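Chains, contacts and geometry: an overview
Residue strings, one per chain:
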Amino acid sequence: MASWVLSECGVRPLPRMISRSRTKVVHDSPSKNRISYSNKGVSDLKFLSIRVSNGLSRERNWFLRVSAPLKVASVDEDERGKRVNGIEGEADFNPGAPPPFKLADIRAAIPKHCWVRDPWKSISYVVRDVAVVFALAATAAYLNNWLVWPLYWAAQGTMFWALFVLGHDCGHGSFSSNPKLNSVMGHFLHSSILVPYHGWRISHRTHHQNHGHVENDESWHPLPERIFKSLDYVSKKMRFTAPFPMLAYPFYLWTRSPGKTGSHFHPGSDLFMPNERKDVITSTVCWTTMAASLVGLCFVVGPIQVLKLYGVPYWGFVMWLDFVTYLHHHGHEDKLPWYRGKEWSYLRGGLTTIDRDYGVINNIHHDIGTHVIHHLFPQIPHYHLVEATEAAKPVLGKYYREPKKSGPLPFHLIENLVKSLKEDHYVSDTGDVVYYQSDPELINNSSNSN
């Protein structure tokens with residue numbers, strides 16, 4: 001596995017003697033606070049001053065390496081135990097500030113058995129899900145009733161999504177410690193739902209290694225303003241109006257996102273290294289075999305039956321995939337940062353991901369809603385993610401955003417989705433810590449259409 005260099009920025013005191021003047025530094029975020037420091041030279045260098053109740057004051061020089069809002073706590077706030085960018089205080093918490101812990105601290109808090117991969121347990125989930133898929137298909141085909149078909153489509157689309165999550169574990173190596181077993185099971189699971197296993201696995205690895213980075217992230221990353229403004233109105237409308245983004249996955253596999261080129265099926269794509277091309281060809285052949293089998297099945301049972309048994313559930317699976325993956329990186333009640341340059345680190349990028357509660361679906365889709373710990377440590381098997389998350393919460397503090405509890409079905413998340421699509425359109429072309437901005441024209445047109 002490639003090694004990751006985790007650069008973590010902090011706040012540190014300046015040395016007392018400074019031989020050069022300071023230029024203006026502006027800290028900007030969606031917060032209402034905007035603070036700037038301007039100093040002509042050492043003689044008139046401004047200090048942060050904290051005045052205590054006895055009238056004395058203390059001064060320290062601070063060099064800020066974070067492009068994020070800063071607020072100095074008052075005496076009253078300090079007495080209440082609130083700390084700037086700390087874990088205890090919520091009013092002063094800035095999610096874009098470097099965390100006061102390291103990746104190793106989170107790792108150390110997770111029990112050792114959570115890292116153990118049990119291939120037989122993983123296979124048991126495959127057997128369970130495949131059995132349910134065939135049972136649902138046999139029941140629907142036998143009853144062949146239009147009152148039953150919509151229920152079947154919803155249930156089978158969810159099960160296709162569950163198969164994807166198990167193949168996703170294969171891609172991360174959390175299915176087992178045997179690469180060959182992971183590859184065989186990954187191809188079996190993903191090819192059955194028309195996903196090119198290795199093509200997806202490699203691009204998904206890029207997503208994890210660059211999560212939270214504006215340009216380098218691979219999936220559901222924000223559009224820089226220049227790319228957003230280059231899109232025609234129809235493209236913008238399709239991208240930011242539900243349900244169209246929830247149908248995007250097959251098109252993404254073929255063409256990727258705006259501003260990027262390549263295909264998950266083509267071995268010469270920009271996505272892949274030369275030594276990965278054979279793997280990509282293998283997966284494309286498996287995908288083609290599955291697609292050809294569906295075409296052949298149309299001649300056996302008829303295209304309408306194939307559409308009802310497989311076609312409609314497939315699009316249900318696509319909607320589940322886009323719905324879940326989008327909301328794991330968007331739609332939180334508070335604006336969350338995206339990073340560039342020296343401000344990005346693996347840890348800070350991973351901390352911008354969001355856990356979600358899906359009610360009874362949690363068990364069906366293998367607790368994929370425990371997304372923060374999964375993004376930081378993708379080698380943890382899905383059946384240990386809940387326990388690992390609970391163990392890590394004391395370390396993460398306010399950097400972990402507790403998901404809103406769901407009813408039996410996660411209908412509450414639809415509001416988060418619609419709101420995010422309406423407001424989260426692009427980020428600035430400049431700045432190393434940026435937040436989503438809205439296009440007023442797109443918002444007004446959406447309001448008028450409603």
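Residues numbered from 1 in each chain as written. Predicted model: local features only at pLDDT ≥ 70, side-chain atom pairs only at ≥ 80, totals over all residues. Heavy atoms only, no water.

**Remarks on the packing of aromatic side chains**
For the structure shown, the criterion picks out 25 aromatic pairs. On the numbers, 6.3 Å between centres and 85 degrees between planes, the contact of Phe164 with Tyr249 is edge-to-face. Residue Phe164 is located in helix H4 (residues 149-172), and its partner Tyr249 is located in helix H9 (residues 249-255); the two are separated by 85 residues in the primary sequence. Assigned by exposure class, Phe164 and Tyr249 land together as buried. Residues Trp254 and Trp287 carry aromatic rings whose centres are separated by 5.9 Å and whose planes lie at 85 degrees to one another, so their mutual orientation is edge-to-face. Of the two residues, Trp254 sits in helix H9 while Trp287 sits in helix H10 (residues 277-301), which places them 33 residues apart along the sequence. Relative accessible area serves as the criterion here: at 45%, Trp254 is assigned to the partly exposed category. Ring-pair connections join several aromatic residues into one group, and the members of that group are Phe160, Trp161, Phe164, Tyr197, Trp200, Tyr249, Tyr252, Tyr310, Tyr314, Trp315 and Phe317. Lying over the aromatic face of Phe228, Lys236 brings its terminal NZ or CZ to 4.5 Å of the ring centre. (Phe/Tyr/Trp six-rings, centres within 6.5 Å; stacked < 30°, edge-to-face > 60°. Helix = DSSP H or I, 4+ residues; strand = E, 2+ residues; numbered from the N terminus. Buried < 20%, exposed > 50% of the residue type's maximum accessible area, 1.4 Å probe, protein only. Lys NZ or Arg CZ within 6 Å of the ring centre and 35° of its normal.)

**Concerning a nonpolar patch on the surface**
There is a patch of nonpolar side chains on the surface, built from Val360, Leu409, Phe411, Ile414 and Val418 and spanning about 470 Å² of accessible area. Inspection of the secondary structure assignment puts Val360 in the loop between helix H12 (346-350) and helix H13 (361-364). (Patch = residues over 30% accessible without salt bridge, like charges linked within 9 Å, V, L, I, M, F, W, Y side chains within 5 Å. Areas by Shrake-Rupley, 256 points an atom, 1.4 Å probe, with all protein chains shown as cover. Salt bridge = Lys/Arg side-chain N within 4 Å of Asp/Glu carboxyl O.)

**Here's the deal with helix H6 (residues 197-209)**
The terminal C-alpha atoms of H6, which comprises 13 residues, lie 18 Å apart, in line with the 18 Å expected from a rise of 1.5 Å per residue. Taken across its 13 residues, H6 has 10 buried, putting it largely inside the fold. Taken together, the buried positions of H6 are occupied by Tyr197, His198, Gly199, Trp200, Arg201, Ile202, Ser203, His204, His207 and His208. (Expected span 1.5 Å × (residues − 1).)

**With respect to the packing of H10 against helix H11 (residues 303-327)**
To characterise two packed helices, one gives the angle between the axes of the helices and the distance between these axes. Where H10 meets H11, the closest approach of the two axes is 7 Å, and the angle between their N-to-C directions is 130 degrees. What the angle tells us is that H10 and H11 run oblique. Where H10 approaches H11, its residues Met290, Leu294, Leu297, Cys298 and Val301 are matched on the opposing element by Pro303, Gln305, Val306 and Tyr310. Considering only residue class, the contact of H10 with H11 consists of 8 nonpolar, 1 polar and no charged. (Axes fitted to C-alpha atoms, helices over the stretch in contact; angles between N-to-C directions. Parallel < 35°, antiparallel > 145°, perpendicular 65-115°, else oblique. Contact = heavy atoms within 4.5 Å. Nonpolar A, V, L, I, M, F, W, Y, C, P; charged D, E, K, R; others polar.)

**Focus: unusual backbone geometry**
For the bond from Ala242 to Pro243, the omega torsion is 10 degrees, close enough to zero to count as cis. Within the fold, Pro243 resides in the loop between helix H8 (233-239) and H9. Within the chain, Asn144 stands out as a residue other than glycine whose phi angle is a positive 45 degrees. Looking at the element boundaries, Asn144 is found in the loop between helix H3 (119-143) and H4. You can call Asn144 partly exposed: its relative accessible area is 43%. Located in the positive-phi region is Asp367, a residue other than glycine, with phi close to 55 degrees. For Asp367, the location among the structural elements is in the loop between H13 and helix H14 (371-376). On the basis of relative accessible area, Asp367 is assigned to the partly exposed category, the value being 21%.

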